[in-house]
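Summary of the model geometry
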Amino acid sequence: MKKLVMSVVLVNLLAACASHPPAETPAPVTETAAPVAAPAPAAPVAVDPLNDPASILAGRSVYYPFDVSTVQEADKPLVQAHGKYLAEHADRKVRLEGNCDERGSNEYNLALGQRRADGVKKMLELSGAKAAQMESVSYGEEKPRASAHDEAAWSQNRRTDLNYAK
Amino acid sequence: MRFLRHGLAAVLLVYSSLAAAVLEIEIIGAGENQIPIALVPFGGDEKLSAEINGIVAADLQRSGLFRLVDPAGKSPHGVEEVDYADWQVRGADALSIGQAGVLADDRIEVQFRLLDAVKQIDLGGHAVSAAKGQVRAVGHRIADLIYEKLTGDRGVFSTRIVYVNRQGPRYKLIVADSDGYNEQVLLSLNEPIMSPAWSPDGSHLAYVSFENGHAAVYVQSLYTRQRKLIANFEGSNSAPAWSPDGALMALVLTRDGSSQIYLVRPDGSNLRRMTFSGAIDTEPHFSPDGQHLLFASDRGGSVQIYQMAVSGGPAERMTFGGGNNYSPRYRHDGKAFVFTHRENGRFYIATQDFESGQMELLTAGGWEKKPSYAPNGKLILYASEGRGRGILATVSSDGRVKQNMFTQSGDAREPVWGPLP
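Because the structure is predicted, anything quoted here is derived from the model rather than measured. (Residues numbered from 1 in each chain as written. Chains lettered and ligands numbered in written order. Predicted model: local features only at pLDDT ≥ 70, side-chain atom pairs only at ≥ 80, totals over all residues.)

A closer look at the sheet that holds strand E16 (residues 237-242) of chain B
Residues and elements named next belong to chain B. Spatial ordering of the open sheet is given by E16-E17-E18-E19, a layout of 4 strands whose pairing is antiparallel. On the outer flanks of this sheet lie E16 and strand E19 (272-273), each paired with one strand and no other. Strand direction decides the pairing type here: strand E17 (residues 249-253) and strand E18 (residues 260-264), joined by 5 bridges, are antiparallel. Within E18, the residue paired with Leu253 across the bridge is Gln260. (Pairing = 2+ DSSP bridges. Helix = DSSP H or I, 4+ residues; strand = E, 2+ residues; numbered from the N terminus.)

A short note on the packing of helix H1 (residues 76-88) of chain A against helix H2 (residues 106-126) of chain A
Residue and element names in this part refer to chain A. Interhelical geometry of H1 versus H2 gives an angle of 55 degrees and a closest axis separation of 7 Å. Overall, the two elements H1 and H2 adopt an arrangement that is oblique. In terms of crossing hand, the pair formed by H1 and H2 is right-handed. In this structure, H1 uses Val79, Gln80, His82, Gly83 and Leu86 to contact H2, whose residues at the interface are Val120, Met123, Leu124 and Leu126. Tallied by class, residues from the contact of H1 with H2 come to 6 nonpolar, 3 polar and no charged. (Axes fitted to C-alpha atoms, helices over the stretch in contact; angles between N-to-C directions. Parallel < 35°, antiparallel > 145°, perpendicular 65-115°, else oblique. Left-handed = near helix turned anticlockwise from the far one by under 90°. Contact = placed C-beta atoms within 7 Å. Nonpolar A, V, L, I, M, F, W, Y, C, P; charged D, E, K, R; others polar.)

As for the pairing of strand E30 (residues 389-396) of chain B
All names here are of chain B. A large share of E30 lies buried, amounting to 8 of its 8 residues. Because side chains alternate across E30, one face comprises the buried residues Arg389, Ile391, Ala393 and Val395, and the other comprises Gly390, Leu392, Thr394 and Ser396, equally buried. Where strand E29 (residues 379-386) meets E30, 8 bridges bridge the pair, whose relative direction is antiparallel. Paired with Ser384 across the bridge in E30 is Ile391. In sequence, E29 turns back onto E30 through a hairpin of 2 residues, with Arg387 there showing a positive phi of about 50 degrees. Pairing between E30 and strand E31 (residues 402-406): 4 bridges, direction antiparallel. Following the sheet pairing, Ala393 is matched in E31 by Asn404. (Buried ≥ 20, exposed ≤ 12 C-beta atoms within 10 Å, placed from the backbone.)

Below is the structure:
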C-alpha cells in the first residue's frame, strides 16, 4: 500500500484560475477616461501607464517563499510603483488577492493569504495609495494558478495579485 | 510514536453501486480482537433481508472490530431453532436472527435478536422500523445496536458526515451517511466552499463561502435549506465552530488586522474578540464542556496547537517538537485531541492525550489532513488522497484499521463527522 507522498490531490483547477491575469502578461486593457477618436496605432497622448506593457505596472503579481508573507526585496519596486500610480490616479481601485500553495491547512492558508494581501496593501499605502482605493482578500489555497503538486506549481501559487477594477 | 503497520491484514474491497453514485470502500488492517459474528438471513422478505444484512455487514467490517462468519445456509429465525453448539463450531461468538418485512402502511420493519453463542444466552431483541426507502437507515440502526451490545461503546453508523466536493471550478457542500452513501447536495457554487461545521444538534451547518468575492461565514438549515450570512466583514471571515450548547460560535476575522478568534451568537449578534496575538490564530474548536478552545497559531514562529479558556486569559501551547500542527479537535470526552501534523513535507493524522502530552501518529504520512472524531471517539474521519484524487478516509483511534472511501468524482475535501442523531 505504498503511496506517492505528494501525489495528486487536486485536479484540473485551471478553470478556477481563469479570472487571474497570467503572470508574465499585462492585464486586459481597460477603457479609460481619455477618449481618443482614432483607433490610435501608437497614440502618444494620455496613455494610461497601467496599460503600457513596457511599464513596471504591467507586473501584477508579487511572489513569496513558503510560509512567508512579507513582500520580498525584488518585488518592492513593483509594489511601490503601483502605490505611486494609485496616489496619482485617485479614481482607480485595486483588489489585492492573497494566495497560498496547498501545504498547510485550508484555514491557515486563508489566514496566510490574507496576511500577504494586507502586507501589499500596507506597502501601497506607504507609497501614497489611499485605503479607500484598496480592498485586500484571501483565496488561501482555494484558487491555485498552477494545479500540479510540486515546487514549480507551488511557487506560482504563493502570491498576491493586484487586480484593478475595470 | 506508532505508525500504522501497512499490509498486516487483508485488504478488503467492498464494491457497491447505487442509482446516484458509485462508491468504493477499501479497508486496510484489522482490530486486535475481532468479534466473530454470523448475520443470519432474516425470515420474511428475503430480498429486503439481504439488502439490510449487507449494510449491517459492511458497517461492522468497517469498524475493524468484527469478523463475519458465513451462516452457510443455516437460517434459524427464532431463538428456539438455534443450535448454539453448532455456531460455536463454526467459530461464531455471536449471531443475529430475526424477521424482516414491509408493514401494511408501507413501512419496513425488522425484528431481530442478538445471541451470544459462547454463553448461549439471548442478548435481547429489538424492532427497528422506518419509512419505505429508508433501508440504509434500518441497516445502520441494527449495526449500531449490535456494535453497542458487543463492544460497550456507542455506535456511530447512523450518524452523518459533511464534506466539500470540488470538481474544476464547481464546489458542492455534501451531507452523507457516515459510510459515504445517501449523498445530499446542500449547496453548489462556482466559488470555493470550505470549513463546514455541524451545529451540536445536527440541524444546521456553518461554513465559509466565497460567493461575495471574499471569505464570509454562513449558517444553513439542513431542513429548510435557508441560509443566513452571519459574518461578512472586510477581509476574511472564516473557521466557524459551535459551542456544545449551540449558544455561541467561534469565528476567525481579519477586520481588526491579523486573523484573530472572536465569539458571536449564531445569529451574528454580540460579537466579541477573544485573541489579541497579532499573529495568525485560527481553527478554533470548543471543548465538550464548553469551557475551552483549542486553536492553531503561529504566534511562536511555527504553527502549533494552543488552548485557552472561553472566559479569556492567556493561551497555553499544547504541541511541541518539530514540524507544524494544524486543525485541532477535541475528543468527545475532552481527554485527547486530534490534529494534522506536518513534518518534512508530509502530513499525518495525529492524536495527543492531554494528561501525557504524548503525540501519536495514526497514519503513515502523505497528504492526510483535517481530522475529526466520530462521536464515540473510536474512529477519525479525514481528507486523504488516492488515485490522483482527494478522498475521504477513516482511521481507528488506535491506528489499526484504515478505510478509504472513493466517492463519485472530483476531490473530496474538508470532511467533518456529524453529531449523534
